[in-house]
Structures are given as C-alpha cells and as structure tokens.
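Here are the chains, one letter per residue:
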Amino acid sequence: MATNRATALKKLATLAGTWHTTGVMLSGPAAGKQFKGTDRYEWNRSKTFLLHTWRVKMPEGMQAGIELFGFDPIRKEIFAHAYDESGTFTPSSVVFNRGKFIIRGPELYFIGSMSENGQFISGRWLTTQDDQPVMQIKLRCDTLNHKV
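The following refers to the structure shown.

Basis of the calculations
Residues numbered from 1 in each chain as written. Predicted model: local features only at pLDDT ≥ 70, side-chain atom pairs only at ≥ 80, totals over all residues. Heavy atoms only, no water. Helix = DSSP H or I, 4+ residues; strand = E, 2+ residues; numbered from the N terminus. Rg over C-alpha atoms; globule rule 2.2 N^0.38 Å. Buried < 20%, exposed > 50% of the residue type's maximum accessible area, 1.4 Å probe, protein only. Contact = heavy atoms within 4.5 Å. Lys, Arg positive; Asp, Glu negative; His and termini not counted. Charge placed at Lys NZ, Arg CZ, Asp CG, Glu CD. Arc of directions from axis to C-beta. Core = buried A, V, L, I, M, F, W, Y, C linked by side-chain atoms within 4.5 Å. Phe/Tyr/Trp six-rings, centres within 6.5 Å; stacked < 30°, edge-to-face > 60°. Lys NZ or Arg CZ within 6 Å of the ring centre and 35° of its normal. Salt bridge = Lys/Arg side-chain N within 4 Å of Asp/Glu carboxyl O. Patch = residues over 30% accessible without salt bridge, like charges linked within 9 Å, V, L, I, M, F, W, Y side chains within 5 Å. Areas by Shrake-Rupley, 256 points an atom, 1.4 Å probe, with all protein chains shown as cover.

For the protein, the count of helices and strands is one helix and 10 strands. If you list the helices and strands of the protein from N to C, you get α-β-β-β-β-β-β-β-β-β-β. Since a compact globule built from 148 residues should have a radius of gyration of about 15 Å, the 15 Å found for the protein is in line with a globular shape. For the protein, the C-alpha atoms occupy an extent of roughly 45 × 35 × 30 Å along the three principal directions. In the protein, buried positions account for 36% of the 148 residues. Once local pairs closer than 6 in sequence are excluded, the contacts in the protein between residues at least 24 apart make up 36%. Averaging the positions of the 19 positive and the 13 negative side-chain charges in the protein gives two centres separated by 8 Å.

Here you go:
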C-alpha cells in the first residue's frame, strides 16, 4: 500500500517506458499458443497519472486498449482503470512490495517482478476465483524513462 502520492508516483515510475511483450497462454482453448505486442507507459504533462497503452497480437486476434494509473488519497492505494477496444472497463488496485508487484482486478490478477536493472518484467495472470494460471508474460523495456 502506498502511503502518499509521492511514494505512489515513485513506484509507478518504474513502469515508464516502451516495453516489448511476449507470452504464452496457459489455459483455455489457446493454451500453449504465444502472443506478442507493445506496451507503452507515459506520464501525463503534470506527472500525476501514468497512461498505459497496449497493442498485442493474441491467439484470437489483435487487442488494444488504454489504462490509467494514479493514486487514490482516500484509500491510500495505487489504482489502475483499464479500457479495451470493446469498451470493457476493468478497475484494479496495484501493490508494489520489495521488487514484486500485484495488479488485482475483479476477474484476474497479475503477480510479477522487475529485474534489478529495470529492463525486464516477468509474471503471470491468474484467475481471482481459483488462482488458475491464464498466461505467462515477459516484458523487455527498450526505452527506460523511470523518473517522476
């Protein structure tokens, strides 16, 4: 849990940059199939929110969307609000703890870690209902911009 905006923004800064994403589906009809794409995390002009855009070629086709990260001063936590091209809205909470982070939404959650040099993120998306693995991902950052 972040205690204040400055702490939260410093933690979010580790995501800023352009990331090349690869992964494999771990369950469902696409199990074993790979995917790849690009994730970009950029600060807004006043550096109070981090905007995440993605474009990923999944086994079932191209997917894209936007996500906004920020700090909720009432809950004292980092939030993420994601919107995909179909109009689906997914609210999530984000926790950074000792090099690992969790993004928890209503149906899925991500548990991952970042390399010490800040150039790699790896982790898994799992179902919230029964912790079943959905996909394994790895992101490689080409343009680091980890400053608030």
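It is worth spelling out unusual backbone geometry at this point. Positive phi, normally seen in glycine, also occurs at lysine 76, with a value near 55 degrees. Inspection of the secondary structure assignment puts lysine 76 in the loop between strand S4 (61–72) and strand S5 (77–84). We classify lysine 76 as partly exposed; its relative accessible area is 40%. Of note, aspartate 131 is a non-glycine position whose phi angle comes to about 60 degrees, a positive value. On the secondary structure map, aspartate 131 appears in the loop between strand S9 (120–127) and strand S10 (133–144). Under the relative-accessibility criterion, aspartate 131 is labelled partly exposed at 43%.

Among the residues of helix H1 (residues 5–12), Ala8, Leu9 and Leu12 are the ones counted as buried. With its buried residues spanning 95 degrees around the axis, H1 presents them on a single face. Every exposed residue of H1 that faces more than 90 degrees away from the buried side is listed here: Ala6 and Lys10. Among the structural elements, strand S2 (34–43), strand S3 (50–58), S4, S5 and strand S6 (89–97) are those in contact with the buried residues of H1.

For the rest of this paragraph, the subject is the nonpolar core. With 32 residues, the main nonpolar core has Leu12, Leu15 and Leu50 as its most contacted residues. Tallying contributions element by element places S10 first for this core, with five residues. Residues in contact with leucine 12, not counting those within four places in the same chain, are Trp43, Leu50, Phe69, Gly70, Ile78 and Phe96.

This part is about the packing of aromatic side chains. Applying the stated criterion to the full structure yields six aromatic pairs. Centroid distance phenylalanine 96 to phenylalanine 101: 5.5 Å. Interplanar angle 35 degrees. Geometry classified as tilted. This pair shows no difference in class: phenylalanine 96 is buried, exactly as phenylalanine 101 is. Grouped by ring-pair contacts, the aromatic residues Phe96, Phe101, Phe110 and Trp125 constitute a single cluster. Positioned over the ring face of tyrosine 109 is arginine 104, at 4.4 Å from the centre of the ring.

Further remarks concern the pattern of salt bridges. Taken as a whole and judged by the stated rule, the model has one salt bridge. Linking aspartate 142 and arginine 140 is a salt bridge whose minimum nitrogen-to-oxygen distance equals 2.5 Å. Residue aspartate 142 is classed as partly exposed on the basis of its relative accessible area of 45%. Classification of arginine 140 by relative accessible area gives partly exposed; the value is 37%.

For the rest of this paragraph, the subject is a nonpolar patch on the surface. On the surface, Leu51, Ile66, Leu68, Tyr83 and Phe89 cluster together into a nonpolar patch covering about 410 Å² of accessible area. Relative to the helices and strands, leucine 68 is located in strand S4. Under the relative-accessibility criterion, leucine 68 is labelled partly exposed at 32%.

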